[in-house]
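What follows is the residue order along each chain.
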Amino acid sequence: MINVPNLKRSSWIILAVAALLFALSVFLWCRNFPGIRRSFVFVSSDSELLRIENRFEPLKPAQGSIRNYVDELLLGPVSEHCRPVFAKGTRCISCFRRRDTLYVNLSEDLLRADAFHTDFAADIDLFKRNIFNNFRYIKKIELFVNGRVPFETAL
């Protein structure tokens, strides 16, 4: 048998108000939940070291979680000490998943970077690494630039 302590009426009112405020704060926190924490890896502008940025993304974005992540990745880093994955202005034309493969079609602004100072293969690998780290169910990424496979070798 549980013994309930004898408290004054004012003490019970204070406890009830505190419990009500706690329940209200939990409800408001759940309603305004910041979203899913995603990590973004960028190359430092000072050196070739990798830097990680963490951002919160909405739970259910209108365009889908992967497309929202790709758009955020293409926008570039928040920090001024990092450089974007691809050339400025690169945008996602289309992005969809079929089973465990992600198909991404990027604009041709990706190719407008300085070819002498840009390692396109490393940039593409970093792009893929970001997606693989945040979406474990993606096993393969097919990347296209304006509907064509980039850097395809002619036979």
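Residues numbered from 1 in each chain as written. Predicted model: local features only at pLDDT ≥ 70, side-chain atom pairs only at ≥ 80, totals over all residues. Heavy atoms only, no water.

**A closer look at the side chain of arginine 38**
Note on placement: arginine 38 falls in strand β1 (residues 36–44). From its side chain, arginine 38 meets the backbone oxygen of asparagine 134 in a polar contact 3.3 Å long. Once residues within four sequence positions are removed from consideration, arginine 38 is found in contact with Glu53, Asn54, Arg55, Glu57, Ser65, Tyr69, Asn134 and Phe135. (Helix = DSSP H or I, 4+ residues; strand = E, 2+ residues; numbered from the N terminus. Polar contact = N/O pair within 3.5 Å; in protein donor to acceptor, adjacent residues only side chain to side chain. Contact = heavy atoms within 4.5 Å.)

**Focus on helix α2 (residues 65–75)**
Of all the residues in α2, the buried ones are Ile66, Asn68, Tyr69, Val70, Leu73 and Leu74. Where α2 is buried, its residues touch β1, β2 (50–57), β4 (92–98), β5 (101–106) and α3 (120–134). Two residues or fewer after α2 comes glycine 76, characterised by a positive phi angle close to 105 degrees. (Buried < 20%, exposed > 50% of the residue type's maximum accessible area, 1.4 Å probe, protein only.)

**Regarding the environment of asparagine 68**
Within the element layout of this structure, asparagine 68 appears in helix α2. Note: C-alpha distance between asparagine 68 and cysteine 95 (27 residues apart in sequence) is 9.7 Å. Beyond its immediate sequence surroundings of up to four residues, asparagine 68 is in contact with Glu57, Pro58, Pro61 and Gln63.

**Here's the deal with the sheet that holds strand β3 (residues 82–83)**
Spatially, the 3 strands line up as an open sheet ordered β2-β1-β3, and their pairing is antiparallel. Whereas interior strands pair on both sides, the edge strands pair on one side only; in this sheet they are β2 and β3. Each of β1 and β2 touches α2; the most contacted strand, β1, lies at about 30 degrees to it. Running over the sheet, α3 touches β1, β2 and β3 and is turned about 160 degrees from β1. (Pairing = 2+ DSSP bridges. Axes fitted to C-alpha atoms, helices over the stretch in contact; angles between N-to-C directions.)

**Regarding the packing of α2 against α3**
Contact geometry for α2 and α3: axes closest at 11 Å, N-to-C directions at 140 degrees. On the basis of their axis angle, the class for α2 and α3 is oblique. Where α2 crosses over α3, the two elements pack in a sense that is right-handed. Contacts from Tyr69, Val70, Leu73 and Leu74 in α2 reach Phe127, Asn130, Ile131 and Asn134 in α3. Split into classes, the residues belonging to the contact of α2 with α3 amount to 6 nonpolar, 2 polar and no charged. (Parallel < 35°, antiparallel > 145°, perpendicular 65-115°, else oblique. Left-handed = near helix turned anticlockwise from the far one by under 90°. Nonpolar A, V, L, I, M, F, W, Y, C, P; charged D, E, K, R; others polar.)

**Observations regarding the sheet that holds β4**
Spatially, 3 strands are ordered β4-β5-β6 in an open sheet, and the strand pairing comes out mixed. Whereas interior strands pair on both sides, the edge strands pair on one side only; in this sheet they are β4 and β6 (140–145). Taken over all neighbouring pairs, the strand axes of this sheet differ in orientation by 15 degrees on average, direction set aside. One ladder, built from 6 bridges, connects β4 with β5; its direction is antiparallel. Within the sheet, the bridge partner assigned to cysteine 95 lies in β5 and is valine 104. Each of β4 and β5 is contacted by α2, which is oriented at about 145 degrees to β4, the strand it contacts most.

**Thoughts on the environment of tyrosine 103**
Looking at where tyrosine 103 falls in the secondary structure, it is placed in strand β5. Through-space distance from the C-alpha of tyrosine 103 to that of leucine 143 is 6.1 Å; in sequence the pair is 40 residues apart. Once residues within four sequence positions are removed from consideration, tyrosine 103 is found in contact with Ser94, Cys95, Phe96, Arg98, Glu142 and Phe144.

Any link to function would need more than the numbers given here.
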